[in-house]
Amino acid sequence: MRTALVTGANQGIGYALVEELAKRMNPEDLVLLTGRNPERVAAGAARVEGMARVEGRVLDVTDGDAVARLAEELGGVDIVVSNAVGPLEPGKPAREQVDEFVDVANLGAQHVVRAFGPILRPGGRLIVVASSLGTLAQLPEELWDRFDGASLEDVEKVVEEWRTAVHDGSAQQQGWPEWINLPSKVAQVAAVRAVAAERRERDLAENTLVASICPGLVDTRASRPWFDDFSQAKSPAEAVVPIADLILADGVDPAGYGELIRDGEVLPWK
């Protein structure tokens, strides 16, 4: 029996991925659909149709203790997908949005990889849903060394320093982009790279994958305020097909281990 867990899964990409995994996995397997809202989690889990069993679990990824408790309860997992993301509103000052956004997208992902990485079974998959905006090219080159080759602790420290700079108004003077999505996405990918660097040799020997995945432009509630043209956008159901392909593949390509992957292709870090 395999156990899969998807965070931020009561809507959008997360929900579509639960549906896709449930369709492809076996009847004895378990897919956990998690989110913060109990009613939405329960309703989402009840709607999923597939071969595998689906259960809803209330999980706030910003609560590190809650994430750790769930990991301890499960004891072992085969597939973990960190997908939770906070809202961003065009025109709203960055200092009014940065805390919730960073707490969910960055600290949430860090809590997940810290708690579930150690209990990932051999042959498992530890995935963070990120973005092609998570490459160093999105930042001024003088900031690259803050993330390149950094440890997870280093990444966490930089994120908090950047958050503080957003609040005190010094972020742009320090070279940070005005759009807080960019540093956040780079930090997500850097955190995955840091974890992967520590595990690489053992994981590849055991056919285990740690990676970031970019689903591309997807028509979701979170993306609609930021784009005018969705003619080339994917639906959530379309976007999760290559993600599920990667997760459920028999083998692990060493070239993709620890990297940011979109539609099966590795996106250069720098």
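In this report, the structure presented in the accompanying data block is examined.

Rules used throughout
- Residues numbered from 1 in each chain as written.
- Predicted model: local features only at pLDDT ≥ 70, side-chain atom pairs only at ≥ 80, totals over all residues.
- Heavy atoms only, no water.
- Axes fitted to C-alpha atoms, helices over the stretch in contact; angles between N-to-C directions.
- Helix = DSSP H or I, 4+ residues; strand = E, 2+ residues; numbered from the N terminus.
- Parallel < 35°, antiparallel > 145°, perpendicular 65-115°, else oblique.
- Contact = heavy atoms within 4.5 Å.
- Nonpolar A, V, L, I, M, F, W, Y, C, P; charged D, E, K, R; others polar.
- Buried < 20%, exposed > 50% of the residue type's maximum accessible area, 1.4 Å probe, protein only.
- Pairing = 2+ DSSP bridges.
- Right-handed = clockwise from strand over helix to strand, strands pointing away.

Thoughts on the packing of helix H4 (residues 98-116) against helix H6 (residues 181-205)
Packed helices, taken two at a time, are described by the angle between their axes plus the distance between the axes.
So, point 1. Viewed as axis vectors pointing N to C, H4 and H6 meet at an angle of 5°, and their least axial separation amounts to 10 Å. Judged on the interaxial angle alone, H6 and H4 are roughly parallel. Across the interface between the two elements, Phe101, Ala105, Asn106, Gln110 and Val113 from H4 touch Asn181, Ser184, Lys185, Ala187, Gln188, Ala191 and Val195 from H6.
So, point 2. When its residues are assigned to classes, the contact of H4 with H6 shows 6 nonpolar, 5 polar and 1 charged.

With respect to the pairing of strand E2 (residues 30-35)
So, point 1. The element E2 is extensively covered by neighbouring structure, given that 6 of its 6 residues are classed as buried.
So, point 2. Burial along E2 is two-sided: Leu30, Leu32 and Thr34 and Val31, Leu33 and Gly35, pointing in opposite directions, are all buried.
So, point 3. Judged from the 4 bridges that link them, strand E1 (residues 3-6) and E2 form a sheet pairing that is parallel. Residue pairing across strands places alanine 4 opposite valine 31, the latter belonging to E2.
So, point 4. Since E1 and E2 lie parallel, the crossover through helix H1 (residues 12-24) that links them has a hand, and here it is right-handed.
So, point 5. As a crossover connection, the stretch from E2 through helix H2 (residues 38-47) into strand E3 (residues 53-58) is right-handed.

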